[in-house]
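Each chain, letter by letter, is given below.
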Number of protein chains: 2
Amino acid sequence: MVISAETGLFDFSVENSIMNAKKSIFKYIRNMLSKKTKYGIKALAFIAKKGNKKPVQTSEISKSENISQKFLESILLELRKSGFLGSKKGKGGGYYLIKEPEDIRMTSVIRVLEGPIAMVPCVSLNYYEKCDDCPSEEACSVHSLMIQVRDSTLKVLGDNTLADISAKK
Amino acid sequence: MVISAETGLFDFSVENSIMNAKKSIFKYIRNMLSKKTKYGIKALAFIAKKGNKKPVQTSEISKSENISQKFLESILLELRKSGFLGSKKGKGGGYYLIKEPEDIRMTSVIRVLEGPIAMVPCVSLNYYEKCDDCPSEEACSVHSLMIQVRDSTLKVLGDNTLADISAKK
DNA sequence: CTATAACCTACTAATCCGATAGGTTAATAG
DNA sequence: CTATTAACCTATCGGATTAGTAGGTTATAG
């Protein structure tokens, strides 16, 4: 907020021009992978790295991975409800893996946290939705392209398990 | 809005529960490819299909592809400024391709309209940005996974040209 | 000179993301 | 039995984008 020296009132025009400048200078970069999903994967990897079956506290993951604890809580809760994690309340409690890391594919993690893997709903396997505009999917120039992208992404995410990504370092 | 028969007042609790139900039933599906990009690709394909060098009007594309004309105008303008299209004003004017469809890769179109192709800025080639949270990209479990996804997507989008996607049908 | 179609500027509603706040419940330690 | 711990739950919020809409101005063809 800029205050005019002359009038003592808020100078909205200046404020506005600064905001517009910001807009144009710092081009927003769209995240296709939300922080939620990113944090979720990191948390799973963290738990997997520990290896043993003792529960890991949210606070520990939060500190180690620089994630807001409250936000992380909601993510881990969702992962538990989706069957990836088990939990234990009270002292010494926390979250632990239910399945082996080798059996957790990145596709399933991302589908739960993020939603569709496809870039467009009309080529999504699990979250299909027809486009409003396209009368025919076969005639759509974007459709087949996006199917190719989906399939190549699906291949990568399906090949990678939690064991693979938590093995790093 | 629901009106209580007893009090004659708005029953916000009911209203609210309906809205919550809606929220949970109709899960929002995130588009990773914006409509802007989708429309832009469709428009390019439309122009490419025409084949000849006569300018194509925004209104024609808009009607044929079911795209809001004003929105499309802004997209085609951007594509012109980015060097994909040429334009001609006045009667008989419109937009035309500057390069051959074979020479227009989908990667470049998407980068201009959408921005980064990578799912996360920290693995983007053209829009790189460091993550706030990660102290080390090598240690990040998400990083290498997203590099794999990026590369496979880049392969598909780099292999497909405007000629390829407009050849359909 | 007039119709056309590109070009430009500003604004808006709806929506989501990422997070915060403030609590309740269940399990363990002492 | 009591205090502590950590998961669990509900509500709310600011900031930012998307997908337009509105209302013009400029240049070109006939």
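Residues numbered from 1 in each chain as written. Chains lettered and ligands numbered in written order. Predicted model: local features only at pLDDT ≥ 70, side-chain atom pairs only at ≥ 80, totals over all residues. Heavy atoms only, no water.

Once that is clear, we can look at the overall build of chain A. If you tally the helices and strands in chain A, you get seven helices and two strands. Taking all 169 residues of chain A together, the buried fraction comes to 45%. Expressed as a percentage of contacts within chain A between residues at least 6 apart in sequence, the contacts between residues at least 24 apart total 54%. Entry remark: accessible area of chain A is about 9400 Å², with carbon and sulfur atoms responsible for 54%. (Helix = DSSP H or I, 4+ residues; strand = E, 2+ residues; numbered from the N terminus. Buried < 20%, exposed > 50% of the residue type's maximum accessible area, 1.4 Å probe, protein only. Contact = heavy atoms within 4.5 Å. Areas by Shrake-Rupley, 256 points an atom, 1.4 Å probe, with all protein chains shown as cover.)

Moving on, we come to the protein's contact with DNA strand C. The immediate surroundings of DNA strand C are formed by 27 residues, with K70(A), F71(A), R80(B), S87(B) and Y95(B) found nearest. Counting residues per element, the surface near DNA strand C draws most heavily on helix α4 (residues 69-81) of chain B, at five residues. Classifying every residue of the surface near DNA strand C gives six nonpolar, eight polar and 13 charged. (Near = heavy atom within 4 Å. Nonpolar A, V, L, I, M, F, W, Y, C, P; charged D, E, K, R; others polar.)

The partner chain A presents 49 residues to the 49 residues of chain B that form the contact. Between chain B and chain A lies a buried interface of about 4500 Å² when both sides are counted; carbon and sulfur atoms form 61% of it. Our enumeration of links across chain B and chain A arrives at four salt bridges. The residue K42(A) makes a salt bridge to D133(B) at a minimum N-O spacing of 2.9 Å. Mapped onto the side of chain B that touches chain A, the elements with two or more residues apiece are α2 (35-50), α5 (106-113) and α6 (141-159) of chain B. (Buried area = accessible area lost by both parts, 1.4 Å probe. Salt bridge = Lys/Arg side-chain N within 4 Å of Asp/Glu carboxyl O.)

If you look at the biggest cluster of nonpolar residues, it comprises 88 residues, and the most contacted ones within it are L85(A), M146(A), L162(A), L85(B), M146(B) and L162(B). Sequence-distant contacts of L85(B), defined by excluding residues within four places in its chain, comprise L44(B), I47(B), L76(B), L79(B), R80(B), Y95(B), Y96(B), L97(B) and I98(B). (Core = buried A, V, L, I, M, F, W, Y, C linked by side-chain atoms within 4.5 Å.)

For the rest of this paragraph, the subject is the protein's contact with DNA strand D. The full set close to DNA strand D counts 27 residues, and Y28(A), R80(A), S87(A), Y95(A) and K70(B) are the nearest of them. Sugar and phosphate atoms represent 78% of those atoms of DNA strand D found within 4 Å of the protein. Listed by contribution, the elements that provide at least two residues to the surface near DNA strand D are α4 (69-81), β1 (85-88) and β2 (94-97) of chain A together with α2 and α4 of chain B. In terms of residue count, α4(A) provides more of the surface near DNA strand D than any other element does, five residues in total. In terms of residue class, the surface near DNA strand D is made up of six nonpolar, eight polar and 13 charged.

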